[in-house]
Structures are given as C-alpha cells and as structure tokens.
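So you can see what is in the structure, the chains are spelled out below.
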Amino acid sequence: MATLYDTLSAKIPDWRYEVKQLLEEKGDNIISQVTVKQAYGGMRGVKALVCDTSSVSPETGLIIRGRPLLDITNILPEEVFYLLLTGDLPNEEALKDLQDQLAEHNDVPGYVWDVLEAMPEDSHPMTMFDTAILTMERESIFHRRYDEGLHKQDFWKAILEDAIRLVAKLPNIGAGVYRIRFKKGPRIEPDKSLDWGANFAHMLGIEDPNGILKKLMRLYLMLHCDHEGGNVSAFSALTVASALSDPYYAVSAGLNGLAGPLHGLANQECLKFVLEIRDHFGGVPSNEELRQFVWDRLNSGRVIPGYGHAVLRCPDPRFTAFIEFGKQNIHDDPVFTIVQKLFDVVPPVLKEQGKAKNPWPNVDAASGSLLYHFGMTEFSFYTVLFSISRAMGMVSQMVINRALGMPITRPKSVTTDWIKKNA
Ligand code: HAX
C-alpha cells in the first residue's frame, strides 16, 4: 500500500535531484528584482520564495499542486492534505491509512485543557488556540530526535510525524476552545469513526440534524488549507521553522499572524460588518442603501472587510465555492442575502474609489454568513476554523522545505540612508 510516508520516501530523492540540477544549471539566473517601492511596500510581487504545495494566480486564484481549487471542492480535507504533501490524490487505501493515523492521534494531552481553562474568560479564541499549540511543544518528535543527533537527510521524517500528530489534534483543540470560551458545557470527545472534518462538527456540539454542518466543515477545512508561501501566516511559520524550531513553535507563530484583521481575522470582521448592516437597516437593505453604507464606511477611513487582496485580481474561488454551497443549502437567509448583495455593490464602489487594486471579494467575504446560519454565531471564533485548516498547508510546506534542505531564512535589510545613497 502506498502510504503517505512511502509516497514521500519515493518522491523526495527525485525532488532533491531536481533542485540540485536546477541550482547547478541556473543558480545565478535572475527571477526577480526589487524596487524601492517594493522595499517599502511589503515586498509585494518580489519573487524570492519557493513553495511547491500551491500557487496563487491573480486571475484564477488558488491552484493546489496544479489543480485549480474549483475543480477539487468535492474532496475531503484529509485528501487535500495528502495532495499538498505529495502532489497526488490518495487512493482509497492511502486515504484510509491517513485517516486512521489522524484518528489515532486526535486525543489532546490533559495539561492543554488545564492551561485553556486557566486563561482569562475574555481571551480571544485565537489566543487560546495558539497557546494550546505552543503548550504542546514538549510533544515534538523532531525536537527530541534533533537533540539525539538526527541526520539532516531525515529531518523531514520527524517533521512529518509532528505534522500528522499536530493536525490530528487541531479539530479537538478548536472545538474545545469553542466550548470552553463560550461556555457551551463539557467538552465532547472525538468520535474515532468520523472523518477529520465531520469529527470537528461533532465535537462543536452544534445541532446538525441533516448533517449539513458536517458538509460545511469538510468544505471549509478543505478550502482554507493553503495559499502559497508569501502570505503573513505561511511566511512567518516558515521563517520560524527555518531556524529548525519544530512545527509546534512554527505553526503557533504563523497563526499569530493569521489573527490579524488584515489577514485571517477578516472573516470575523466581515460578519460583524454584515450584521451591522442588517441591524442598521432592520433587515436586508436595497442596493442603493447598501451602496451609501459602503461609501460612508470608506469615507470614515475604514476598509471593507472581505474585499481586496494582495495577489488576487479576480473573485476568490474560495468565495465562489462558499456562495455555491449557500445557494444549495440556504434559502432566504437575510445575512446570506446581504453577502450576495454586497458582491453586486462593493466591487463597483471600490473601482470608483480607485484605491484597492483588487475590488473583488476574498475568502472571508462569504464564509461567516454560512457558519452563522448553521448555528455558529460567535464570530470571534471564525479565525480558529481558518487556522485548523491552514495548519495543513503550513506543515506540508515545512516537510518539503526540510526534505529539500532549505537553509535558515535571512533576507538582507537596508537602512533608509543606504537606499538614499544607492538607489
Ligand atoms: N476596502 C477599502 N480599501 C481597501 C480595500 C478594501 N477592502 N482593499 C484595499 N484597500 C486600499 C488599501 O487600504 C490601500 O489604501 P492606502 O493606499 O490608503 O493605504 C489601497 O487600497 C491599496 O491597497 P492594495 O494594494 O489594493 O491592497 P494590499 O495588498 O495593500 O492589501 C488587503 C490587501 C487584503 C490587506 C486589503 O485589500 C484589505 O485591507 N482588505 C480588507 C481586509 C480583508 O478582507 N483581509 C482579508 C484578505 C484575505 C486573507 O488574507 N485572509 O486571511
């Protein structure tokens, strides 16, 4: 049977050879240059990172190992995890093997719950989630084996073990944070017979008589899995991991970046914005009322959450996938209707204002309205869902980077004086 480990063991020597050849043949060729504007502009567009798990095309959005996202929205999060790591979709046996491993490791150490229970009641769910991951650092197999003298060639194997164990626990931790933080009653144990996404829905304890929440969680956890290597959370996680800090340190660090309102926290901000609209108008406003509301927000110097993107220049396919899910599963929900109306109203307004380079919705514009409809109304929790999924991309990139022997990240910074003299 071609397990995840076997598949990677077979592929990694070829990947190493390919990169070695590339460096020998083209090592000094130029692939990018940096302008002063880019140095002061968040390095936007500078091609100085390699990421093989996925790429983001301005016109198509997320492409996972060569597959446009909208072609694979039917697959399970576990399948996308395998795809990110290996470049292939698992066959039935390999999928079962990965699911078994995730089920085997989904129990969370008791001390994690003690720490979470002891945190202040008003802690943000992201603070709790990231703390839980960091608290588990002592479990790291990579850390232990490194101390025992692990050979560099085998780093990826220990990182993979950490990756699977960590990813296995995240739905349990996420659901635990939800139940502790929002006083939902005792935690719910994982059901080892359920798949990774459905198990998360089960542990949340939200009523799901028709299984639609389970379907939504599978989709949600699949869609948010990765977004190439340069976004704040991936870049932060990979930089930390490049110092050979183990995945517990690195994922926690990356997710602290996802907790920013311009990044993953935008899904919380976005639903807040939509509810504000609903409450302001006492229901669904007309397009003209909405247009004025959007202008008023822009004129008060605030961004429209869920719109714009650093790389994309099209409606985000993850947004499209959520809208499709909503159309199939929600009828006449005012919050979802406002989200759909915003899609008609916001892009022309942003175009007219002329500042945002991308006037289209991103992933965060629609997801919250679905979660809200299906009973998860505590929107400060939404970025935790994003995190559970995005950790798969982070750890996949870490496995590959260690397999390829990527060195510690260390770009050069310069002073403003240096730029004045040299640019
Ligand atoms: N509303 C109002 N103004 C916006 C805007 C929006 N949605 N998006 C961009 N702009 C503005 C920027 O603030 C910037 O203004 P200044 O020149 O006054 O600073 C100008 O347009 C140019 O920005 P840009 O080059 O188009 O966008 P950036 O690459 O700098 O930033 C952001 C990309 C996603 C951060 C930005 O579009 C934004 O703030 N959007 C709203 C928040 C959001 O939805 N974030 C989630 C993004 C997806 C994600 O990472 N999820 O995790």
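Bear in mind the structure is a predicted one, so any value in this text is a computation, not a measurement.

S.K.: Break down the pairing of strand β2 (residues 61-64) for me, citing the residues and quoting the values.
M.R.: Bridge count for strand β1 (residues 54-57) against β2 is 4 bridges, and the pairing is antiparallel. Counted as the bridge partner of Val 56 is Leu 62 from β2. Taken together, β1 and the strand that follows it, β2, pair antiparallel across an intervening segment of 3 residues. Sheet topology places β2 next to strand β3 (residues 67-68); 2 bridges connect them, and they run antiparallel. Counted as the bridge partner of Ile 64 is Arg 67 from β3.

S.K.: Quick rundown of the side chain of Ser 140? Include the residues and the values.
M.R.: Secondary-structure assignment places Ser 140 in the loop between α6 (125-135) and α7 (141-147). Within the local environment of Ser 140, its side chain forms a polar contact with the side chain of Asp 162, the two groups lying 2.7 Å apart.

S.K.: Quick rundown of the layout of surface pockets? Include the residues and the values.
M.R.: Of the voids in this model, the second largest pocket is the one considered here, and its volume is about 200 Å³. Along the wall of the second largest pocket there are 17 residues; nearest its centre are Gln 99, Ala 103, Lys 192, Leu 194 and Asp 195. Counting only elements with at least two residues in the lining of the second largest pocket, the list comes to α4 (92-104), α8 (155-181) and α9 (196-204). Taken together, the residues that form the lining of the second largest pocket break down as 7 nonpolar, 5 polar and 5 charged.

Cut-offs applied
- Residues numbered from 1 in each chain as written.
- Predicted model: local features only at pLDDT ≥ 70, side-chain atom pairs only at ≥ 80, totals over all residues.
- Heavy atoms only, no water.
- Pairing = 2+ DSSP bridges.
- Helix = DSSP H or I, 4+ residues; strand = E, 2+ residues; numbered from the N terminus.
- Polar contact = N/O pair within 3.5 Å; in protein donor to acceptor, adjacent residues only side chain to side chain.
- 1 Å grid on protein atoms, 1.4 Å probe; cavity = no way out; pocket = protein on both sides within 12 Å on 5 of 7 lines; lining within 4 Å.
- Points joined across faces, edges and corners; volume = space filled by probe spheres on them.
- Nonpolar A, V, L, I, M, F, W, Y, C, P; charged D, E, K, R; others polar.

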